[in-house]
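Here are the chains, one letter per residue:
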Amino acid sequence: MVLVASNSYAAVKAGSSCSKAGIKSVSAGKTYTCVKSGTKLAWDKGVLNPAATPVTQAASPTSFGDLTSRVDGIIYGAWLSAKQQISNSASPLGKVTFLVGPNTSAIDAKSEDSLNLLAKLYTNSPQVKNLFVIKYSKPDIAWAQQQYESLGPNNKRIGAAASYCLDSSGCRGGIAGINANGDGVILLGQGGDYGYPDVSGGAIGMDGFVLSHEYTHTVQATNATCRNGKGCYGNLPQWLMEGAAEWSGSVARFNERYSDFLVFRTQRLSNKYSNAAQYSPEAVNSFLNPNPIFLPDQDNWTYWAKYQDDVYTIGLMATEILASLKGPDFIMKLYEDVGRGQTFVDAFKQEFGIAWSDACPLIASAISSELSRGIKK
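Just so you know, these numbers come straight off a predicted model, no measurement behind them.

Rules used in this analysis
- Residues numbered from 1 in each chain as written.
- Predicted model: local features only at pLDDT ≥ 70, side-chain atom pairs only at ≥ 80, totals over all residues.
- Heavy atoms only, no water.
- Helix = DSSP H or I, 4+ residues; strand = E, 2+ residues; numbered from the N terminus.
- Buried < 20%, exposed > 50% of the residue type's maximum accessible area, 1.4 Å probe, protein only.
- Contact = heavy atoms within 4.5 Å.
- Areas by Shrake-Rupley, 256 points an atom, 1.4 Å probe, with all protein chains shown as cover.
- Disulfide = S-S within 2.5 Å.
- Pairing = 2+ DSSP bridges.
- Axes fitted to C-alpha atoms, helices over the stretch in contact; angles between N-to-C directions.

Peer 1: Describe the overall build of the chain, with residues and values.
Peer 2: The helix and strand inventory of the chain stands at 12 helices and 8 strands. Within the chain, the fraction of its 377 residues that count as buried is 49%. When contacts within the chain are restricted to residue pairs at least 6 apart in sequence, those whose partners lie at least 24 apart make up 68%. Of the roughly 17,500 Å² that the chain leaves accessible, carbon and sulfur atoms contribute 52%.

Here's what the structure looks like:
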């Protein structure tokens, strides 16, 4: 530790002698400068120092009623609740088996660390006991699809492996589900360029985020396993499924430093909302609440097909609001409740103490306000 002395002197008085022109001294709330007056050196009349403004974190919202007035505290409040959950929890992660293509160099040797962070975030919710992660690149598309189909996830998609390798830079993205045995299955492309900044590992950080995002889907599916194991997560909004995975994956991967999380979050959102004016409270409310009933065994997601990225990004902001108010546990409790047969609106009222029809306009106003004030807020 180095102690650096400043040019400060006691009992400075305007007009009294000083030793060297140009030196300054702070006394009684003023800064005095030594100036030459005729043949003498003397302190000038001094300049009043402005009061220091303390730097404080914006207050987090405490209820749906103060979301808009405390919009600047939502992002940090949600991140902090996630960090505390991760820091205070033991990981319930089950056995993980990584299957790497014969011609593939797996990215992120610390993938299991990313999974453990996400598992801690939802430590109070049931999770898969066995997880299979298939890592592959373009030369191994056929191999990856065969591995994926042999593990038999309930949401199995024909041609899934090839669909994540359409970019000329390589394979990126993935898909997750659970199979009839309750095992988690993640198909994860390797080597693609996501074009995101070098935050906590650059491409490796992005890979860890995608893996955490996909693992969130296995937790959602595990907690909403009705319909004879086929899953009823479709009885909740699609923006909640993808938005919760976006937020969960990013806060888990970047839980150590808020600055890293904020850089990553800003990059994910800012290039999509340059024209924030089109996201009025009414427009966001319509996006969040097109079908307030969410009937069982119906196609409740058709409405969102036209929105593409919004289910991820507006969904992230909506999830963030819920997490800032009640913490991450309550995000997954919605899936547990629906898995036990409740509707989304009944589960929301039970967990958040307010009707979804009353909460949704308030959430929409807060998101619209956040976008209008700037993503970095």
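Peer 1: Tell me about helix H10 (residues 329-339), residues and numbers included.
Peer 2: Most of H10 sits out of view: 8 of its 11 residues are buried. Among all positions of H10, only Asp329, Ile331, Met332, Leu334, Tyr335, Glu336, Asp337 and Val338 are buried.

Peer 1: An account of the state of the cysteines is requested, with residue identities and associated values reported.
Peer 2: Note: disulfide means a covalent bond formed between the sulfur atoms of two cysteine side chains. Within the structure shown, the criterion is met by 2 disulfides. There is a disulfide in this structure between Cys18 and Cys34, and the S-S distance comes to 1.9 Å. In this structure the cystine formed by Cys18 and Cys34 twists about its S-S bond by roughly 80 degrees; its chirality is therefore right-handed. Placement of Cys18 in the segment before strand S1 (24-27) and of Cys34 in strand S2 (residues 30-37) is noted, with a sequence separation of 16 residues between them. Taken individually, Cys18 and Cys34 each receive the classification buried, so the pair is uniform in this respect. Shown here is the disulfide that connects Cys165 with Cys171, its sulfur atoms set 2.0 Å apart. Taking the sign of the torsion about the S-S bond as the criterion, the disulfide between Cys165 and Cys171, at about 110 degrees, is right-handed. Of the residues examined, Cys165 reaches a relative accessible area of 6% and is grouped as buried.

Peer 1: Outline the sheet that holds strand S6 (residues 130-136), listing residues and values.
Peer 2: An order of S5-S6-S8-S7 is seen for the 4 strands of this open sheet, with the pairing classed as mixed. Looking at strand neighbours, the two that pair on one side only are strand S5 (95-100) and strand S7 (174-178), the edges of this open sheet. The sheet shows a mean angle of 15 degrees between the axes of neighbouring strands, direction not considered. As paired strands, S5 and S6 are joined by 6 bridges and run parallel to one another. For Thr97, the partnering residue across the bridge sits in S6 and is Phe132. Taken strand by strand, helix H2 (residues 111-121) contacts S5 and S6, and its axis lies near 140 degrees from that of S5. Relative to the sheet, helix H3 (residues 141-151) contacts S5, S6, S7 and strand S8 (184-189), its axis offset from that of S6 by approximately 165 degrees.

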